[in-house]
Amino acid sequence: VRAAIDAAAEPFQPLVSLEGRRMLGELLIDRGAMDDAVQELARAIDLATACNAPFERALTLASLARARKPASSKEAVALALEARAVFAELGAVPALGRVDAFLAEIGNAGAPAPSPAGLTNRELDVLRLVAQGLTDAEIGARLFISPRTVGQHLRSTYGKLGVRSRAAATRFAMENALG
């Protein structure tokens, strides 16, 4: 891993360096070298921020939460919740599941309940309004987004729910007390 980090230095390849540092941090966590892991992960977070790479930053925050768990479970929870918010917004369901499992493992009663089917907050907003019988234009007006954006959220929601229609999505919303 260090060879990959070194190779990414000239010419500088920040995303390769970021991934290498995150992987090295995770290996150091597995070895129990938490202080060294925290240093590598902090460098990776700086790179993710500089590269405007929210998913990679959230992955690194989740790793950093694991590294901080022995020293400060409160800090670990805060880091994991920050990562969780990004994963939820991006619809990164597998990563969301991993961070939720971590939060459950450390006994965080304050963690939000997992979103049904991994829906983002905005997808949940749209789904609730669909369940109320609103059109795309009406939903857009309420959420200050275009009807086309509403349609995009609905397509994503349908895919996550495994449904093909507004009626089926509404049924899901009702069955899960979202409507």
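Before reading further, recall that the structure is shown in the block above.
Residues numbered from 1 in each chain as written. Predicted model: local features only at pLDDT ≥ 70, side-chain atom pairs only at ≥ 80, totals over all residues. Heavy atoms only, no water.

**Student:** Would you mind going over the packing of helix α5 (residues 73-90) against helix α6 (residues 93-105) with me for this structure?
**Tutor:** In the contact formed by α5 and α6, the axes pass within 9 Å of each other and the chain directions differ by 155°. Classified by the interaxial angle, the pair formed by α5 and α6 is roughly antiparallel. Judged by the sense of rotation from one axis to the other, the crossing of α5 with α6 is left-handed. Contact residues: A76, V77, A80, L81, R84, F87 and A88 in α5; A95, L96, V99, D100, F102 and L103 in α6. A class-by-class count of the residues in the contact of α5 with α6 yields 11 nonpolar, no polar and 2 charged. (Axes fitted to C-alpha atoms, helices over the stretch in contact; angles between N-to-C directions. Helix = DSSP H or I, 4+ residues; strand = E, 2+ residues; numbered from the N terminus. Parallel < 35°, antiparallel > 145°, perpendicular 65-115°, else oblique. Left-handed = near helix turned anticlockwise from the far one by under 90°. Contact = heavy atoms within 4.5 Å. Nonpolar A, V, L, I, M, F, W, Y, C, P; charged D, E, K, R; others polar.)

**Student:** Before we go on, may I ask you to explain the pattern of salt bridges in this structure?
**Tutor:** Counting across every chain of the model gives 14 salt bridges. Taking the shortest distance from any N to any O, the salt bridge between R128 and D125 comes out at 3.7 Å. Separated by 3 residues within a single helix, R128 and D125 lie in helix α7 (residues 121-131), roughly one turn from each other. Take R128: its relative accessible area is 31%, and that puts it in the partly exposed class. The structure contains a network of salt bridges with shared partners spanning E19, R22 and E26. (Salt bridge = Lys/Arg side-chain N within 4 Å of Asp/Glu carboxyl O. Buried < 20%, exposed > 50% of the residue type's maximum accessible area, 1.4 Å probe, protein only.)

**Student:** For this particular structure, what's the right way to read helix α8 (residues 136-143)?
**Tutor:** Every α-helix carries 3.6 residues per turn, so stepping three or four residues along brings you back to the same face. Turning to α8, its buried residues number three or more, namely I139, G140 and L143. On an axial view of α8, the arc spanned by its buried residues comes to 100°, and they lie on one face. Where α8 is buried, its residues contact α7, α9 (147-161) and α10 (166-175). Phi turns positive, to about 60°, at F144, one or two residues after α8. (Arc of directions from axis to C-beta.)

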